[in-house]
Amino acid sequence: MVMVKTQLQHAHDGEITEAMERVAKRENREAAMVRDQVAAGRAVIPNNPAHESLDPAVIGREFATKVNANIGSSRAAETTDAQLQKLRTAVQFGADTVMDLSTAGDLRAIRAAVLSESPIPVGTVPIYEAQERTTAADGLTTDRLFDVIREQARQGVDYMTIHAGILAEHLSLTHERQTGIVSRGGSILARWMDRTGRQNPLYNEFETLCDVFAKHDVTVSLGDGLRPGCLADAGDEAQLAELHTLGELTQTARARGVQVMVEGPGHVPLDQVAWNVEREQEICDGAPFYVLGPLVTDIAPGYDHIASAIGATQAAQAGAAMLCYVTSKEHLGIPETEDVREALAAYRIAAHAADVAAGHPGARDWDDALSQARYEFDWSRQFELAVDPARAREYHSQTHPNGDVGDGRFCSMCGVEFCAMRIDQDRQGQPDIGETNETAGQADAGTANHRAGESILPDTDAAEVNRPPIGTQERICPISANRTSPDEDPEKPDQFAEE
């Protein structure tokens, strides 16, 4: 059997892989720099070879901040078509990775369809499927859980959230919490440990688990099963106890050639966000930090995408490598495609704002290009450079007197007489800047060329992740029909018996 060599193992051996070359090009960095960051465990490239439609991305604090979009079925919405529509929306509006968190329907079929269409890394939380296959609440077994992990790895999943850090001795620390255990995976494992009196099997057999991940080059995302679910519980003893365990598991995974990132807290007061990132970096030896939100207030049902984007910006500036978006439906219901669009806009703004503040190479070039177009009243170029071009164009046209996005040195907010930029240009004797289409020929050659579609952005150091317009990752590739069927893999954990 041909054994897969992980990106981490390649990097340790001083080798630069095709995936490293690709992400280096996207980030405008040297491939050797990418290799060194992966070798040090400061960055990961989720890149399961079985995911044949993948265009890989790098996740690490030295690179542009990435954004993950969660999709998935539930009893209320379990069709494959619905999940594919969410995937397409996520890709169109700029997600860097997507997590399939499906809990209902034909989970294998949904995941296969997502993997076949997704050009971005796909993550999962395998305990959801293991629990879904269980009829009795206490029927979850380690055999079933490990079988699911193996099947998903063979299918092509690029990274998996594994709640291996929540231990039996941690559970009593949650009893005084205001909201207890809010992680689905964490709560399932806590119930199992209470009922069986046994330790978390994902922790006990973590080395065996790492061997599965290494075989398929699946990146392990160490889940925060004890993350705080409200401000009152943030930074408590339970959260920090689990974090120290995750630091231990980080070293174990790396020693077995497995790429690893660490997941962070959900609800955190604004003044504690940076502290949380710094603690994770210290305890987990600089492993990429993947944060959900964090939500900086608990009062925003229906607007949690805003409450969390505030915390996400702070976390990314402090060094978080990837942000998991929160939609406006958080705590309320399953997101629909429009919720995915709104959340991605909020989180791409948060990620980009943090990259600008952190001084990532080329990050502000996007802003400067849009500002130039705005001052020139180049409406088409403004829309093209916007995070959500269709939304910007829609809002401008709704109240424009002519409804013509390419007409006029004003918008309906100020009108002709009170447009500050038009007044300033006229004051400086620049009446030709941003004239209507009929008078655009009066502009100098540089401005005319810019209007003709020659963006200043491609000539800068801006990373591809700062690409305008959005939706450039639309490559759809069918996944190979020749992959090994889950039923053909002889690997089975003999040491695990049915409980």
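Residues numbered from 1 in each chain as written. Predicted model: local features only at pLDDT ≥ 70, side-chain atom pairs only at ≥ 80, totals over all residues. Heavy atoms only, no water.

## Considerations on the overall build of the protein
- Looking only at helices and strands, the protein features 19 helices and 10 strands.
- Across the 499 residues in the protein, those meeting the buried criterion constitute 58%.
- A separation of at least 24 residues holds for 74% of the contacts in the protein among residues at least 6 apart in sequence.
- Within the structure as shown, the protein displays about 20200 Å² of accessible surface, and the carbon and sulfur contribution to it stands at 49%. (Helix = DSSP H or I, 4+ residues; strand = E, 2+ residues; numbered from the N terminus. Buried < 20%, exposed > 50% of the residue type's maximum accessible area, 1.4 Å probe, protein only. Contact = heavy atoms within 4.5 Å. Areas by Shrake-Rupley, 256 points an atom, 1.4 Å probe, with all protein chains shown as cover.)

## Overview of the pattern of salt bridges
- For the structure on display, the rule yields 27 salt bridges.
- The residue Glu-15 makes a salt bridge to Lys-5 at a minimum N-O spacing of 3.1 Å. Residue Glu-15 is located in the loop between α1 (7–12) and α2 (18–27), and its partner Lys-5 is located in the segment before α1; the two are separated by 10 residues in the primary sequence.
- Residue Glu-15 is classed as partly exposed on the basis of its relative accessible area, which comes to 31%. (Salt bridge = Lys/Arg side-chain N within 4 Å of Asp/Glu carboxyl O.)

## Quick word on the packing of helix α12 (residues 273–283) against helix α13 (residues 304–318)
- With their axes 8 Å apart at the nearest point, α12 and α13 run at an angle of 40° to one another. Classified by the angle between their axes, α12 and α13 sit oblique to one another. As for the relative orientation of α12 and α13, their crossing is right-handed in sense. Residues Val-273, Ala-274 and Val-277 of α12 pack against Gly-311, Gln-314, Ala-315 and Ala-318 of α13.
- Across the contact of α12 with α13, the residue classes tally to five nonpolar, two polar and no charged. (Axes fitted to C-alpha atoms, helices over the stretch in contact; angles between N-to-C directions. Parallel < 35°, antiparallel > 145°, perpendicular 65-115°, else oblique. Left-handed = near helix turned anticlockwise from the far one by under 90°. Nonpolar A, V, L, I, M, F, W, Y, C, P; charged D, E, K, R; others polar.)

## Let's talk about the pairing of strand β3 (residues 66–71)
- Counting buried residues in β3 gives six out of six residues, a clear majority hidden from the surface.
- Of the two faces of β3, the one holding Lys-66, Asn-68 and Asn-70 and the one holding Val-67, Ala-69 and Ile-71 are both buried throughout.
- Pairing between β3 and strand β10 (residues 322–324): three bridges, direction parallel. Looking across to β10, one finds that Lys-66 is bridged to Met-322.
- Inspection of the sheet shows β3 paired to strand β4 (residues 97–100) by four bridges, in the parallel sense. Looking across to β4, one finds that Ile-71 is bridged to Asp-100. (Pairing = 2+ DSSP bridges.)

## Structural notes on the side chain of Glu-151
- Its location among the elements puts Glu-151 in helix α7 (residues 142–155).
- When its relative accessible area of 11% is taken as the criterion, Glu-151 is described as buried.

## A look at the confidence of the model for the protein
- With 83% of its residues at a pLDDT of at least 70, the protein reaches an overall mean of 85.
- Of the regions scoring below 50 in pLDDT, residues 435–458 engages in 34 contacts with residues more than four places distant in sequence or in other chains.
- A low-confidence stretch, residues 468–499 stays under pLDDT 50, and its non-local contacts, those more than four residues away or across chains, total 74 contacts. (pLDDT = per-residue confidence, 0-100.)

## Overview of the packing of aromatic side chains
- This model, assessed by the stated rule, comprises three aromatic pairs.
- Their ring planes at 85° and their centres at 6.4 Å tell us that Tyr-159 and Tyr-290 sit as a pair that is edge-to-face. Taken as a pair, Tyr-159 in strand β6 (residues 159–162) and Tyr-290 in strand β9 (residues 289–292) lie far apart in primary sequence, 131 residues in all.
- Geometrically, the ring pair formed by Phe-377 and Trp-379 is tilted, given 6.3 Å between the ring centres and 55° between the ring planes.
- The exposure class of Trp-379 is buried, given its relative accessible area of 9%.
- Chaining the aromatic ring pairs together yields one cluster made of Phe-377, Trp-379 and Phe-383.
- Lying across the ring of Tyr-128, Arg-184 places its NZ or CZ 4.3 Å from the centre. (Phe/Tyr/Trp six-rings, centres within 6.5 Å; stacked < 30°, edge-to-face > 60°. Lys NZ or Arg CZ within 6 Å of the ring centre and 35° of its normal.)

## Notes on α12
- For α12, the full list of buried residues reads Val-273, Ala-274, Asn-276, Val-277, Glu-280, Gln-281 and Ile-283.
- Those residues of α12 that are buried lie in contact with α11 (237–255), β8 (260–264), β9 and α13.
- Once α12 finishes, Asp-285 follows within two positions and takes phi at roughly 55°, a positive value.

## Here's the deal with the sheet that holds β6
- Read around the closed barrel, eight strands run β3-β4-β5-β6-β7-β8-β9-β10, paired in parallel fashion. Averaged over all adjacent pairs, the angle separating strand axes in this sheet is 25°, with direction ignored.

## With respect to unusual backbone geometry
- Across the junction of Gly-293 and Pro-294, the peptide omega takes the value 0°, indicating a cis bond.
- By the secondary structure assignment, Pro-294 is in the loop between β9 and α13.
- At His-331, a residue that is not glycine, the phi angle is positive and equals roughly 70°.
- His-331 sits in the exposed class, given a relative accessible area of 55%.

## Here's the deal with the nonpolar core
- In this structure, Ile-149, Ile-162, Leu-202, Phe-213, Leu-323, Leu-344 and Tyr-347 are the most contacted members of the largest nonpolar core, which totals 95 residues.
- Of all the elements, helix α14 (residues 337–358) adds the most residues to this core, at eight residues.
- When neighbours within four sequence positions are excluded, Ile-162 is seen to be in contact with Pro-126, Ile-149, Leu-202, Leu-209, Phe-213, Val-220, Ser-221, Leu-222 and Gly-223.
- In this structure, Val-23, Ala-31, Val-34 and Val-38 belong to the second largest nonpolar core, which totals 12 residues. (Core = buried A, V, L, I, M, F, W, Y, C linked by side-chain atoms within 4.5 Å.)

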